[in-house]
Amino acid sequence: TPRPQLGLVLELLQLNKASTGGGWGELGKPPNFDTCARDTYPAGTTFGAPFVLRALSGVAAACAHLHAQQLSHGDLYAHNTLVRHDGEPKVGDFGAAYNYAPLGAEAAPLVERVEVRAFGCLAEELATRLAPAAGDESEAALQRNLLGLAREAWMGAAVGARPSFAEACQQIEALARAYFEAPPPFPW
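An account of the accompanying structure is given in this report. (Residues numbered from 1 in each chain as written. Predicted model: local features only at pLDDT ≥ 70, side-chain atom pairs only at ≥ 80, totals over all residues. Heavy atoms only, no water.)

**A few points about the side chain of E125**
Residue position: E125 is located in helix 2 (residues 108-127). Within the structure, the side chain of E125 is placed 2.7 Å from the side chain of Y41, a separation counted as a polar contact. Each residue touching E125, except ones within four places of it in the same chain, is listed here: R38, D39, Y41 and A78. (Helix = DSSP H or I, 4+ residues; strand = E, 2+ residues; numbered from the N terminus. Polar contact = N/O pair within 3.5 Å; in protein donor to acceptor, adjacent residues only side chain to side chain. Contact = heavy atoms within 4.5 Å.)

**So, the packing of aromatic side chains**
Counted under the stated rule, the structure contains 6 aromatic pairs. An angle of 5° between the planes, with centres 4.9 Å apart, marks the rings of F47 and F51 as stacked. Given the relative accessible area of 12%, F47 is considered buried. Aromatic pair Y98 and Y100: ring centres 6.4 Å apart, planes at 65°, arrangement edge-to-face. Counting every residue linked through ring pairs, the aromatic cluster contains Y41, F47 and F51. Positioned above the aromatic ring of W24, the side-chain terminus of R84 is 5.9 Å from the ring centre. (Phe/Tyr/Trp six-rings, centres within 6.5 Å; stacked < 30°, edge-to-face > 60°. Buried < 20%, exposed > 50% of the residue type's maximum accessible area, 1.4 Å probe, protein only. Lys NZ or Arg CZ within 6 Å of the ring centre and 35° of its normal.)

**Here we look at the packing of helix 1 (residues 49-68) against helix 2**
Helix 2 packs onto helix 1 with a crossing angle of 170° between their chain directions and a minimal axis gap of 11 Å. On the basis of the axis angle, helix 1 is roughly antiparallel to helix 2. Of the residues in helix 2, those in contact with V52, A55, L56, V59, A60 and H67 of helix 1 are V111, E112, E115, F119, L122, A123 and L126. Class assignment of the residues belonging to the contact of helix 1 with helix 2 gives a composition of 10 nonpolar, 1 polar and 2 charged. (Axes fitted to C-alpha atoms, helices over the stretch in contact; angles between N-to-C directions. Parallel < 35°, antiparallel > 145°, perpendicular 65-115°, else oblique. Nonpolar A, V, L, I, M, F, W, Y, C, P; charged D, E, K, R; others polar.)

**Quick look at the environment of P89**
Looking at the secondary structure, you find P89 in strand 4 (residues 89-91). On the basis of relative accessibility, which here comes to 14%, the residue P89 falls in the buried class. The spacing of P89 and A78 is 11 residues in sequence and 10.0 Å in space, taken between C-alpha atoms. Once residues lying within four places of it in the same chain are set aside, the contact partners of P89 are W24, R54, A55, G58, V59, T81, L82 and V83.

Distances and angles like these do not, on their own, reveal function.
So, in structure tokens, the structure goes:
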């Protein structure tokens, strides 16, 4: 008899209407020869703070869920993330995903933290595209704090010292609470 196999069922999304609020669009574009392993964005692309916080919160939550099942996405990039106009994300393209349970309990946290680095790269890309208005200290502080987290915690050189995705979710929520000075206006 055949052995049971894990499967993945994804929602069918309406594409190419993200800017009008009616559908989903790519968060970024694939890397090119100049950027190598970093995604690209159309010239002049900027994002608002609520968009960035919601997008990062959703991606981190999706990855926390995957890693709780000992699954790694394996290709976490902006171009593999669809977003709505309000920043709600859907992580897609699971072609490189894999189950790392066979590697054992000792390897599991390290596999997750390797993917946390990819998340840090995504966070850095979005944070550098925040466009704080002149004199908007709260958005400028958010940008500094988010870049600090991305570069020092999520992309830090010591793999074992990086936070888990569950911890990254908490870190983003803390940034959002500080920015909005209240619970954020979107679900956690």
